[in-house]
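# Examining the three-dimensional arrangement
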Amino acid sequence: MQIARIVGSVVSTQKDEGLLDRKLLVCQVHDHQGAPKDQYVVAVDAVGAGLGDLVLTAAGSSARQTTITKDKPCDAVVMAIIDSWDVDGTNVYEKWSE
Amino acid sequence: MQIARIVGSVVSTQKDEGLLDRKLLVCQVHDHQGAPKDQYVVAVDAVGAGLGDLVLTAAGSSARQTTITKDKPCDAVVMAIIDSWDVDGTNVYEKWSE
Amino acid sequence: MQIARIVGSVVSTQKDEGLLDRKLLVCQVHDHQGAPKDQYVVAVDAVGAGLGDLVLTAAGSSARQTTITKDKPCDAVVMAIIDSWDVDGTNVYEKWSE
Amino acid sequence: MQIARIVGSVVSTQKDEGLLDRKLLVCQVHDHQGAPKDQYVVAVDAVGAGLGDLVLTAAGSSARQTTITKDKPCDAVVMAIIDSWDVDGTNVYEKWSE
Amino acid sequence: MQIARIVGSVVSTQKDEGLLDRKLLVCQVHDHQGAPKDQYVVAVDAVGAGLGDLVLTAAGSSARQTTITKDKPCDAVVMAIIDSWDVDGTNVYEKWSE
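Residues numbered from 1 in each chain as written. Chains lettered and ligands numbered in written order. Predicted model: local features only at pLDDT ≥ 70, side-chain atom pairs only at ≥ 80, totals over all residues. Heavy atoms only, no water.

Moving on, we get to the nonpolar core. Soluble globular proteins tend to pack their nonpolar side chains together in the buried interior. Grouped together as the largest cluster of nonpolar side chains are 110 residues, with contacts concentrated most on L56(A), L56(B), L56(C), L56(D) and L56(E). Residues in contact with L56(C), not counting those within four places in the same chain, are V10(B), L24(B), V42(B), M1(C), Q2(C), I3(C), V77(C), V78(C), M79(C), A80(C) and I82(C). (Core = buried A, V, L, I, M, F, W, Y, C linked by side-chain atoms within 4.5 Å. Buried < 20%, exposed > 50% of the residue type's maximum accessible area, 1.4 Å probe, protein only. Contact = heavy atoms within 4.5 Å.)

What follows is the structure, given as C-alpha cells:
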C-alpha cells in the first residue's frame, strides 16, 4: 500500500455502470517520512475518507477486494484512514494533533 | 486510475480475435494539476470517449472488468469521461468551459 | 498497452513446459510519437508478428488472455500488429509506407 | 520479491473490515547490495516480522496468497524474514552478525 | 518478461509455508543489449537455474503459473534459462561461448 493524502475529487457522469455513485478521490502519494511526492492516483473510496485525510491506497486487483469495488474496472482503492505512523521510533504523523 | 487525454488512435487489422472491432485509443497521461506528462497508454474504449476528452484509465486486470474487455488480452481501459475535477478546493478542469 | 517494435528474439530450450514452442520476442518500447525508448520487454507472440513490426504489447495477467498464453508463466504478449496510428490529427506511422 | 527493512508501522482504526487486527508495516526497500533505497511500501505482516528485520515483500495479487491476506484489499505482504543473502559469492547480510 | 542474470541467493527459514524448500534467487535485470541495470528482483526458481545463468523472469500473477509457485505468495519466477538472443540481426549473447 502507499501513503497518500486526499487532495480532491473527480466528477464523471459518463462512466462504467459498475462505478455509478462511487466517489472518485484524487490522492497525492506521500513518502514514508510524510513528504508529498509528485505522484497521484485516482482511487475509489471504500472507508468514508474525506478531503485532507491521510490514507492507504491499494492498487491492481487488490483494489477490487472490497464490497464496493468487487468486479469493477477500478485499479485503486482507499482502504484505510491513517490515525498515525512512526518510522525509526519517531512519530511521523498523528491525526488528532494536526 | 490515471487522468489522461485522448490524443489519437491505433489501427490494427491483425490482432487478437477478442479485440476485433474495439477502438484502441492513444491516451496521454496527465498529472493531477492537469499538465500533460511524457507518458502514454493505449487503451480500449468502454465508455464512448472521443478525441480530446479527458478520461480515467484503469490498468492491469481491472481493465478487463467491463463487458467489452472481459477475458481479453487488454491491460488498459477508458472507464470514465471526466466532467470536472478539483484539487485543494480549486477547480482544475471543467469540461463544458473548454 | 504499449507500442513497441520487435527487434529480436530469445532462444531458450530449458524453460517452463507451458512455453515450449512459443516464440519469445525482444520488443523495444516506443513513445506515442513513434520514438524508441530505452525500455524493452520480452513477450510471447500471439499474432504472427515478425522482426521490425510495430506492435502492441499487453502486460500482467492480461498477457495470459490468449489461447497461446492461457495459464502460462508469461507476463507480456504481442496481441496486435499496428497498421497505423495518429496523434493530434497527424499520422505518426503507416505500415505500408515504410 | 523485493528486499526491505521494517522501519515502522501504521495505525488505522477505520479500515476495510478484512484487515482489522492486521499489522501494517512500513518497509523501506533495499537494493541487492543491501543499501536502503528512497522507496517504501506499507505491507501486511504474514510471518511475525519485527522492527529492524530485513524481509522479502511480495506485491500485487501475490500479496493475497497467504491465509492472513486472502481476499483482502492488500497489495503488499511480508512473506519471509531474511537470514542471509549473498551476491557474486560475497555475503551481503547475515542476520545473526548484526 | 525481463532478462536477468542470477547473481546470488537469499536464505530464509521463517517464511510463508508455501515457499518452504524453494530456492530464492537474486536476479540482476539486464537491458536488451545485455548490459546489467541497477535493478534486481528476488525470484523463485522454476527451471533449475544456477549462479551466473542469464534467465527470463516473469512478474505478478504470471509468476504463479508454474507447478512450484501455484497459489504461493510469490511475485517473480525464473521461467526460462536463455541459450542466446539477438537484437537487430546481431547476436547479443551465446550461452556456450561465455
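If you walk through the whole model with that rule in mind, you get 0 disulfides over all chains. Summary of cysteine pairing: C74(A) is not part of a disulfide, and the nearest cysteine sulfur, belonging to C27(A), is at 11 Å. (Disulfide = S-S within 2.5 Å.)

Least-squares fitting of chain D to chain A yields an RMSD of 0.0 Å, with the transformation described by 0.0 Å of translation along the axis and a rotation of 72 degrees. Interpreted geometrically, this transformation is the action of a five-fold axis. Little of the interface of chain D is mirrored in chain A, where only 4% of its interface residues again form contacts. (Least-squares fit on C-alpha atoms with pLDDT ≥ 70 in both.)

This next bit is on the interface of chain C and chain E. Interface size, as often reported, equals the accessible area lost upon joining of the parts. In this assembly, 28 residues from chain C lie in contact with 26 residues from chain E. Put simply, chain C and chain E have 0 salt bridges between them. Counting across the interface, chain C meets chain E through 17 residue pairs in polar contact (both at pLDDT 80 or more). Of the residues contributing to the side of chain C that touches chain E, the split by class is 14 nonpolar, 8 polar and 6 charged. (Salt bridge = Lys/Arg side-chain N within 4 Å of Asp/Glu carboxyl O. Polar contact = N/O pair within 3.5 Å; in protein donor to acceptor, adjacent residues only side chain to side chain. Nonpolar A, V, L, I, M, F, W, Y, C, P; charged D, E, K, R; others polar.)

With that settled, consider the interface of chain D and chain A. Taken residue by residue, the interface counts 28 residues in chain D and 26 residues in chain A. When chain D packs against chain A, close to 2,200 Å² is buried across both sides, 49% of that on carbon and sulfur atoms. Summed over the shared surface of chain D and chain A, the number is 0 salt bridges. Across the chain D-chain A interface, the total number found is 17 residue pairs in polar contact (both at pLDDT 80 or more). Only β1 (2–11), β2 (14–15), β3 (24–30) and β4 (36–45) of chain D provide two or more residues apiece to the side of chain D that touches chain A. For the side of chain D that touches chain A, the per-class residue count stands at 14 nonpolar, 8 polar and 6 charged. Here strand β7 (residues 84–87) of chain A pairs with β1(D) via 4 bridges, running antiparallel. Bridge pairing in β1(D) places W85(A) opposite V10(D). (Buried area = accessible area lost by both parts, 1.4 Å probe. Helix = DSSP H or I, 4+ residues; strand = E, 2+ residues; numbered from the N terminus. Pairing = 2+ DSSP bridges.)

All names here are of chain A. Going through the model one piece at a time under the given rule, you end up with 5 aromatic pairs over all chains. For the pair W85 and Y93, a centre-to-centre distance of 5.7 Å together with 40 degrees between the ring planes defines the contact as tilted. Residue W85 is classed as buried on the basis of its relative accessible area of 1%. (Phe/Tyr/Trp six-rings, centres within 6.5 Å; stacked < 30°, edge-to-face > 60°.)

This part is about the pairing of strand β1 (residues 2–11) of chain B. The side chains of a regular strand alternate between both faces of the sheet. Residue and element names in this part refer to chain B. Relative to strand β5 (residues 54–59), β1 runs antiparallel, the two being bridged by 4 bridges. Paired with Q2 across the strands is T57, a residue of β5. The sheet contact formed by β1 and strand β3 (residues 24–30) spans 7 bridges and is antiparallel. Directly across from R5, in β3, lies its bridge partner Q28.

With that out of the way, let us pick up the pairing of strand β4 (residues 36–45) of chain B. Residue and element names in this part refer to chain B. Judged from the 6 bridges that link them, β3 and β4 form a sheet pairing that is antiparallel. Opposite V26, over in β4, you have V42 as the bridge partner. The antiparallel hairpin formed by β3 and β4 contains 5 residues in its connecting segment, where G34 sits at a positive phi of about 95 degrees. Taken together, the 2 bridges between β4 and strand β6 (residues 76–81) define a ladder with parallel strand orientation. Paired with D45 across the bridge in β6 is V78.

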